[in-house]
Amino acid sequence: QVQLVESGGGLVQPGGSLRLSCAASGIIFNINTMDWYRRAPGKQRELVATITSRGSSSYAGSVEGRFIISRDNAKNTVYLQMNSLKPEDTAVYYCSTYSAALRYWGQGTQVTVSS
């Protein structure tokens, strides 16, 4: 079955950096578009970044220029490099993808930006 496992979250000070990882299994990873979402307390889930099978990426306006999504098809892993973090980036971050017309989610990893 499809499994997505995120890691790399934690507590970081404003202005700091974190790199999230998402290891995928049960899919043909190199043909899947991969997404990172986040859900902040009291807010709706937000699409943060997307990377296609060809490596094209897109970002939410709120993270453009600060976050970088990348993928390593040999490791079936997608990454989210988060720089210049702000308190408003505090959220649970989820990796997600479609496979066979179903959307799959990881369990999420908590990112807290606070001094």
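Here, the structure is the one placed above.
Residues numbered from 1 in each chain as written. Predicted model: local features only at pLDDT ≥ 70, side-chain atom pairs only at ≥ 80, totals over all residues. Heavy atoms only, no water.

Visitor: So what exactly am I meant to see when it comes to the sheet that holds strand S1 (residues 3-7) here?
Guide: In space, the 4 strands of this open sheet follow the order S1-S3-S8-S7, with antiparallel pairing throughout. Here the strands that pair on one side only, and so sit at the sheet edges, are S1 and strand S7 (67-72). The sheet shows a mean angle of 15° between the axes of neighbouring strands, direction not considered. Looking at chain direction, S1 and strand S3 (residues 18-25) are connected through 5 bridges and run antiparallel. By the bridge assignment, Ser7 is partnered in S3 with Ser21. (Pairing = 2+ DSSP bridges. Helix = DSSP H or I, 4+ residues; strand = E, 2+ residues; numbered from the N terminus. Axes fitted to C-alpha atoms, helices over the stretch in contact; angles between N-to-C directions.)

Visitor: Would you explain the side chain of Thr109 in this entry?
Guide: Mapped onto the fold, Thr109 is located in strand S11 (residues 109-113). In this structure Thr109 comes out as buried when scored by relative accessible area, which is 10%. A polar side-chain atom of Thr109 sits 3.1 Å from the main-chain amide nitrogen of Gly9. Excluding residues within four positions of it along the chain, Thr109 makes contact with Glu6, Ser7, Gly8, Gly9, Leu20, Ala91, Val92 and Tyr93. (Buried < 20%, exposed > 50% of the residue type's maximum accessible area, 1.4 Å probe, protein only. Polar contact = N/O pair within 3.5 Å; in protein donor to acceptor, adjacent residues only side chain to side chain. Contact = heavy atoms within 4.5 Å.)

Visitor: Explanation requested: the packing of aromatic side chains in the structure shown.
Guide: What characterises a pair of aromatic rings is the spacing of the ring centres plus the angle enclosed by the ring planes. By the definition in use, this model includes 2 aromatic pairs. With a centroid separation of 4.8 Å and an interplanar angle of 65°, the aromatic rings of Tyr37 and Trp105 are classed as edge-to-face. Taken together, the residues Tyr37 in strand S4 (residues 34-39) and Trp105 in strand S10 (residues 102-105) connect sequence positions 68 residues apart. Judged by relative accessible area, Tyr37 falls into the buried class, the value being 14%. The interplanar angle of 90° and the centroid separation of 6.4 Å between the aromatic rings of Tyr94 and Trp105 together place this pair among those described as edge-to-face. Taken together, the residues Tyr94 in strand S9 (residues 91-99) and Trp105 in strand S10 connect sequence positions 11 residues apart. Feature note: the residues Tyr37, Tyr94 and Trp105 constitute an aromatic cluster, connected by ring pairs. Taking the ring centre of Tyr37 as reference, the NZ or CZ of Arg45 above it sits at 5.7 Å. (Phe/Tyr/Trp six-rings, centres within 6.5 Å; stacked < 30°, edge-to-face > 60°. Lys NZ or Arg CZ within 6 Å of the ring centre and 35° of its normal.)

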